[in-house]
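Survey of secondary and tertiary structure
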Amino acid sequence: MVLKTLDVLGSLHGYGIARRIEQISGDLLAVNQGTLYPVLLKLEQEGAIASDWGASENNRRARFYRLTKEGRKLLQAETQDWQQTAAIIGRFFEVKAEDLS
Amino acid sequence: MKSLRRFFARLANLATRRAQDDRLREEIEGHIALQTAENLRAGLSPVEARRQAMLKFGGVEAMKQDYRAKRGLPFVENFVQDVRFALRSLRRTPGLTAFVVITLALGIGMTSATFSMVDALIFRPYPVPHPSGVVTLVSTTHDSPFDDFSYREYLDIRDKTKSYDGVIANADMEAVGFSAEPGTTPRIKGGMMVSGNYFHALGVEPRLGRGFREDEDQVPGRNPVVVLGPDFWRHEFASDPSVLGKTILLNGTKFTVIGVAPDTFPGMLTFGYPDLYVPLAMAPVFTTNLQKNFFEDRDDRELSVKARLKPGTTLEQARNELAVLAKNFEREYPNSNRSRGAAVYTQFQARTIEDQNWKFGVVFVILALAVLLVACTNVAGLLLSRARARAREIAVRLALGAGRFRLIRLLLTESIVLATLGGLAGIAIGYGVVEWFHSKQSIVFATELPMAIPFHMDKRVLLACLALSALSALLCGLAPALQSTRVDLVNALKSADVEVPGRKRLWGRNMLVVAQVSMSLMLLTASFLMARGFQRALMEDTGFTKDHLLMTRFDPRLIQYNAAQTQQFYKLLAERMRETPGVQSEALTQNIPLGVDDFDGVAFVPDGFQMPPDRANFNSAMDTIDEGYFETMGIPILRGRAFLASDTADAPRVAIVNEHFAKHYWPAGDAVGKHIRLDRSAGTPVEIVGVAQTIKYQNMESPMDFVYMPMAQHPVARMVLMLRSGGDPLQLVQPVKDVVRSLDPNLPMLQTRPYQDFYLNQAVRGPRIAIDLVGSMGLVGLLLAVAGLYGLVAYNVSRRTREIGIRIALGAASSDVLRLVIGKGLVLVGFGTVIGLAMGFALEQLMNSMLFDSGGVDILAYIVVVPTLLVVTMLAAYVPARRALRIAPTQALRYE
């Protein structure tokens, strides 16, 4: 989700990412925003995202995260994975009893 | 891949921890500020807006923890923390720390130094690529599992075996007369004859030029080419690359330098570092044996043969193949090869069979390990008492929720820090000991050949050192760590000094005392025995006079004398010396007794002796001497006569044997007048004309067979002149020089010195080194044990101060209390003594079977050692007990 957000919106700070995820999920996914940071750290260590200091809307110093080339690749792979998984699961739900006989 | 990348990122983060913390804080603040602003826009009051923002963010501290854990490597961070903590707490007790570190350093240093011996003697791989594929091929007989091959045999092995990628041969390193320019006096260098494929098959690339080509080793005397050793090139030619193509003189013959061996290849010998390599085909220039033809005689065995196993060929296959070949040899050449087998040895086998010195190394290592063990028990005891004193601190930590594992890790880290410090200091000590060995080099090798003690603190030894440190950290740290974290919290927090005398706990400490006593006893027994063994070897009578003798060695091959010239030179030399004033008597001998070089061997069949069916002949060591030898050396002739001037080359051949030989083969009758036949029962008959007293020949060995042959009938090239003088033997040096100059001014005199000097260096100071080493190990062991024992017992007693107070308060007499604590100590020492004696006996058996007969139990050792330990224990128990008794009971009860 983080990767996709960054992919769509480009460079973004932590708060922006958290907000965006909330918005897209229609506030259904309201986890503690703080948990976002360890995830960002992990992604950064893996090289999927990079970060720089920049100025936020209210002119504070904020850290902006952006997707790297590797992150894009990762996103692609993950998307594919997810779609595959979703498709498989989806098929299970579509299956009706008579199809199996 | 991803996880690896993360690992490095985390590792990098370790360094920038503080900056990272700031970054996180700033980010969180920014986040909350933004959310607050948003909330404000939504119409909340500023306070409420911030509250909501915080709520939404969730637990800041929990998240920070998570973040930190993900960011760095908690394990490493904790370790760094622990190390810091350990260093801090160790610095608080500098005396104790220093003692522990020194103790461990002694143990580790001694062990690593002695291990470097064993490593050099047995384990260190050959300095060639893929050393494990190199095997040693030897000829075997009834008398020797390690005999050389002759040139002909080598050629057959090389051409008829299929198991190897290259079979190489080399002769022993020999003294070679080297001059860089014609006309200069030759100097002695160590030269080695090697087969043409030597460097190629070993995989050694010369650093300059090339190795030998096979065709340079085919025609005797055709290709005078030489490859220089790396050190020789450095010292003689100042690393000059233009040395290639240059002509040098070896034994008076011109040789062309074609290559320089690389620094990584100091040679295949354990002790020697050849200066020069020449092809086997050049043997006519170097051969020592005037009796045999190197290229033709199948019994002229001078070559060590090594080979590189083909990949995929097993040792078993190679052995079978060679065994078949040896059988063929026996059939085809019964004269030279009857009852002679062959064997293929791995590097380990070859080194352990060829030279027995490694056994001393192994015993040294065992002793050093015992020192280390004593050191470890000492440290364990100390740490234990320290940990007990810290029981409260630990209890507090436990109560605050520290995991037991975490605490054990903390305590172990402390012992690891100690062991590391000890290991570092131990490396220094190891270096010191190895340096000390090196300083004795000239004593051990009284020779002009390039020999050196090969013990080094190299990578392998340092690695062993490291392993030892880690091991000792575990040994001395684990028990205290386990024990001190197993605390009853309530009790521990209540009183400063918990003493729950659990049986187990006391048992642990008592074990330490017992181990202490028994190890030190074993150590002392062993070093006493060894020292005495060497000492006895020194005291033994050698059987000849050593004083008032001047020795000097000649090697006419160095200036290209032929056999006739050599004979003539020695004849004239002996005659002139006898006429020289101040010379009481003169002797020429091929080898001096107790010298550096091995005696030649002689194969013979004694007349009238029933030969065992599977033997063609017997072997004995022999020496070639002139008429004056027995008189000059003061060796009595027991029966028959000494050699005479009339025993010339044309006269019937004669020999003199020693008493041991005579008794061995003619136990009933007189050996004088009997004959031995050389090589085989149809060989040349030699009459025994005299029986000489048995002396010490090679070293302090038990009596052995020995044969003397007269120089005129058995000429050799290299001889030692021995002169007996009335006064200072050094006064004869000038007269000898004059005589030699009048005979041939070009002939160098080698190793001119009083024999007594030589003997003291060779036979006395060598063993002295071993005695010093063993003695100091024993002493260090005893000192450590005494210190440790005192510490442990005193500590044990002082722990009982309160108990003693109670006993006194209840009316116990002070003598009862004393008896109680001292008796307890004595029981422990008693146990230790019994175990120590048992281990000492076991070690003695081992040493007797391995090294020398040290002559049974050394009562003296026990008389000294056991009471020392007893007295120390009693003192250690008495002093603190006394102190405890002197305190008033009320005070004792309140103690601490």
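Residues numbered from 1 in each chain as written. Chains lettered and ligands numbered in written order. Predicted model: local features only at pLDDT ≥ 70, side-chain atom pairs only at ≥ 80, totals over all residues. Heavy atoms only, no water.

**A few points about the overall build of chain B**
- When its secondary structure is counted, chain B shows 29 helices and 23 strands.
- For chain B, the C-alpha atoms occupy an extent of roughly 125 × 85 × 55 Å along the three principal directions.
- Looking at chain B as a whole, 51% of its 896 residues qualify as buried.
- The long-range fraction of contacts in chain B, counting pairs at least 24 apart against all pairs at least 6 apart in sequence, stands at 80%.
- On chain B, roughly 39,500 Å² of surface is accessible, and the fraction owed to carbon and sulfur atoms is 59%.
- Averaging the coordinates of the 98 positive side-chain charges in chain B and doing the same for the 86 negative ones gives two points 15 Å apart. (Helix = DSSP H or I, 4+ residues; strand = E, 2+ residues; numbered from the N terminus. Buried < 20%, exposed > 50% of the residue type's maximum accessible area, 1.4 Å probe, protein only. Contact = heavy atoms within 4.5 Å. Areas by Shrake-Rupley, 256 points an atom, 1.4 Å probe, with all protein chains shown as cover. Lys, Arg positive; Asp, Glu negative; His and termini not counted. Charge placed at Lys NZ, Arg CZ, Asp CG, Glu CD.)

**As for the overall build of chain A**
- Summing up its helical and strand segments, chain A has five helices and three strands in all.
- Among the 101 residues that make up chain A, the fraction classed as buried is 40%.
- Long-range contacts, defined here as pairs at least 24 residues apart, represent 41% of the contacts in chain A between residues at least 6 apart.

**Structural notes on helix α2 (residues 14-24) of chain A**
- Most of α2 of chain A sits inside the fold, with eight of its 11 residues counted as buried.
- Phi for Gly 26 of chain A, located one or two positions after α2 of chain A, is positive at around 60 degrees.

**Observations regarding the environment of Val 739 of chain B**
Residues and elements named next belong to chain B.
- Of note, Val 739 is situated in helix α24 (residues 733-743).
- Take Val 739: its relative accessible area is 11%, and that puts it in the buried class.
- Sequence separation between Val 739 and Met 551 is 188 residues, and the spatial gap between their C-alpha atoms is 15 Å.
- Setting aside its immediate chain neighbours within four residues, Val 739 contacts Leu 573, Arg 576, Met 577 and Thr 580.

**Quick look at the state of the cysteines**
All names here are of chain B.
- Overall, the coordinates contain zero disulfides over all chains when judged by the stated rule.
- The thiol of Cys 465 is unpaired, and the distance to the nearest cysteine sulfur, on Cys 376, comes to 13 Å.
- By relative accessible area, Cys 465 is classed as buried at 1%. (Disulfide = S-S within 2.5 Å.)

**Describing the pattern of salt bridges**
Residues and elements named next belong to chain B.
- A complete count under the given rule lists 24 salt bridges over all chains for this structure.
- The residue Asp 670 makes a salt bridge to Arg 639 at a minimum N-O spacing of 3.1 Å. Pair noted here: Asp 670 is in the loop between α23 (659-665) and β19 (675-678) and Arg 639 is in strand β17 (residues 637-640), with a separation of 31 residues, a long-range link.
- Judged by relative accessible area, Asp 670 falls into the partly exposed class, the value being 35%.
- The salt bridge partner of Glu 659 is Lys 663, with a shortest N-O separation of 3.3 Å. Here Glu 659 and its partner Lys 663 are both found in helix α23, four residues apart, which amounts to about one turn of the helix.
- Residue Glu 659 is classed as partly exposed on the basis of its relative accessible area of 25%.
- One salt-bridge network, in which partners are shared between bridges, spans Arg 207, Asp 231, Arg 234 and Asp 263. (Salt bridge = Lys/Arg side-chain N within 4 Å of Asp/Glu carboxyl O.)

**So, the confidence of the model for chain B**
Residue and element names in this part refer to chain B.
- For chain B, the average pLDDT comes to 82, and 90% of its residues sit at 70 or higher.
- Here helix α19 (residues 489-494) stands out as the least confident element of chain B, with mean pLDDT 60; strand β7 (residues 225-228) is the most confident, with 95.
- The low-confidence segment residues 496-501, where pLDDT is below 50, has 13 contacts with residues more than four positions distant or belonging to other chains. (pLDDT = per-residue confidence, 0-100.)

**Here's the deal with unusual backbone geometry**
Residue and element names in this part refer to chain B.
- Positioned with a positive phi, Ser 239 is a non-glycine residue whose angle comes to about 55 degrees.
- Considering the arrangement of structural elements, one finds Ser 239 in the loop between α9 (230-237) and β8 (247-250).
- Under the relative-accessibility criterion, Ser 239 is labelled partly exposed at 29%.
- You will see that Leu 594, though not glycine, has its phi angle at about 55 degrees, which is positive.
- Take Leu 594: it is sitting in the loop between β14 (583-589) and β15 (600-606).

**Regarding the sheet that holds strand β1 (residues 12-13) of chain A**
Residue and element names in this part refer to chain A.
- The three strands are arranged β1-β3-β2 in an open sheet whose pairing can be described as antiparallel. In this open sheet, the two edge strands, each paired with only one partner strand, are β1 and β2 (49-55).
- Judged from the seven bridges that link them, β2 and strand β3 (residues 61-67) form a sheet pairing that is antiparallel. Note on β3: the bridge partner recorded for Gly 54 is Ala 62.
- Contacting β2 and β3, helix α3 (residues 36-46) crosses the sheet at an angle of about 120 degrees to β2. (Pairing = 2+ DSSP bridges. Axes fitted to C-alpha atoms, helices over the stretch in contact; angles between N-to-C directions.)

**Re a positive patch on the surface**
- There is a patch of like positive charges on the surface, built from Arg 84, Arg 88, Arg 91 and Arg 92 of chain B.
- Structurally, Arg 84 of chain B is set in helix α5 (residues 74-92). (Patch = residues over 30% accessible without salt bridge, like charges linked within 9 Å, V, L, I, M, F, W, Y side chains within 5 Å.)

**Concerning the packing of α2 of chain A against α3 of chain A**
Residue and element names in this part refer to chain A.
- Put simply, α2 and α3 touch, their axes get as near as 11 Å, and they point 110 degrees apart. With respect to α3, the axis of α2 lies roughly perpendicular. In the crossing of α2 with α3, the sense of the turn from one axis to the other is right-handed. Contacts between α2 and α3 involve Gly 14, Tyr 15, Ile 17 and Ala 18 on the former and, on the latter, Leu 36, Tyr 37 and Leu 40.
- Taken together, the residues of the contact of α2 with α3 sort by class into six nonpolar, one polar and no charged. (Parallel < 35°, antiparallel > 145°, perpendicular 65-115°, else oblique. Left-handed = near helix turned anticlockwise from the far one by under 90°. Nonpolar A, V, L, I, M, F, W, Y, C, P; charged D, E, K, R; others polar.)

**Considerations on the packing of aromatic side chains**
Residues and elements named next belong to chain B.
- Within the structure shown, the criterion is met by 40 aromatic pairs over all chains.
- With centroids separated by 6.3 Å and ring planes inclined at 75 degrees, the aromatic side chains of Tyr 561 and Phe 569 adopt a geometry described as edge-to-face.
- Judged by relative accessible area, Phe 569 falls into the buried class, the value being 4%.
- Between the aromatic rings of Phe 604 and Phe 661, the centroid separation amounts to 5.1 Å while the plane-to-plane angle is 40 degrees, which identifies the pairing as tilted. Of this pair, Phe 604 sits in strand β15 while Phe 661 sits in helix α23, and the two are 57 residues apart along the sequence.
- Taken together, the ring pairs in this structure connect Phe 599, Tyr 629, Phe 630, Tyr 697, Phe 706 and Tyr 708 into an aromatic cluster. (Phe/Tyr/Trp six-rings, centres within 6.5 Å; stacked < 30°, edge-to-face > 60°.)

**Focus: a nonpolar patch on the surface**
All names here are of chain B.
- Nonpolar side chains collect at one region of the surface, where Tyr 790, Val 871, Leu 875, Tyr 878 and Val 879 lie side by side and expose about 400 Å² of accessible area between them.
- In terms of residues, the nonpolar patch owes the most to one element, helix α28 (residues 859-886), which gives four residues.
- With respect to the helices and strands, the residue Val 879 is situated in helix α28.
- Note on Val 879: relative accessible area 32%, which makes it partly exposed.

**Points about the confidence of the model for chain A**
- With 82% of its residues at a pLDDT of at least 70, chain A reaches an overall mean of 76.
- Across chain A, helix α4 (residues 69-94) of chain A holds the top mean pLDDT of 85, while helix α5 (residues 97-100) of chain A sits lowest at 62.

**Quick notes on the pairing of strand β18 (residues 654-658) of chain B**
All names here are of chain B.
- When you tally the buried positions in β18, you get five out of five residues, the bulk of the element.
- Residues Val 654, Ile 656 and Asn 658 line one face of β18 and the alternating positions Ala 655 and Val 657 line the opposite face, and both faces are buried.
- As paired strands, β18 and strand β21 (residues 706-710) are joined by two bridges and run antiparallel to one another. Looking at the pairing, Val 657 lines up with Val 707 of β21.

**Quick look at the side chain of Asn 337 of chain B**
Residue and element names in this part refer to chain B.
- When you line up the elements, Asn 337 lands in helix α12 (residues 334-337).
- Here Arg 301 takes part through its side chain, which lies 3.4 Å from a polar atom of the side chain of Asn 337.
- Sequence-distant contacts of Asn 337, defined by excluding residues within four places in its chain, comprise Glu 153, Arg 301, Phe 329 and Glu 330. (Polar contact = N/O pair within 3.5 Å; in protein donor to acceptor, adjacent residues only side chain to side chain.)

**Section: the environment of Leu 40 of chain B**
Residue and element names in this part refer to chain B.
- In this fold, Leu 40 is placed in helix α2 (residues 17-41).
- Counting along the chain gives 390 residues from Leu 40 to Gly 430, while the straight-line C-alpha distance between them is 73 Å.
- In contact with Leu 40, not counting residues within four places along its chain, are Ser 45, Pro 46 and Ala 49.

**Things to note about the packing of helix α21 (residues 563-579) of chain B against α24 of chain B**
Residues and elements named next belong to chain B.
- For the pair α21 and α24, the least separation of the axes is 10 Å and the interaxial angle reads 140 degrees. As judged from the angle between their axes, α21 and α24 are oblique. For the pair α21 and α24, the crossing hand works out as right-handed. Facing α21, whose interface residues are Phe 569, Leu 572, Leu 573, Arg 576 and Met 577, α24 presents Val 736, Val 739, Val 740, Ser 742 and Leu 743.
- Its residues assigned to classes, the contact of α21 with α24 comprises eight nonpolar, one polar and one charged.

**Points about the environment of Ser 439 of chain B**
- Mapped onto the elements, Ser 439 of chain B comes out in helix α16 (residues 404-439).
- Separated by 14 residues in the primary sequence, Ser 439 of chain B and Ile 453 of chain B place their C-alpha atoms 9.5 Å from one another.

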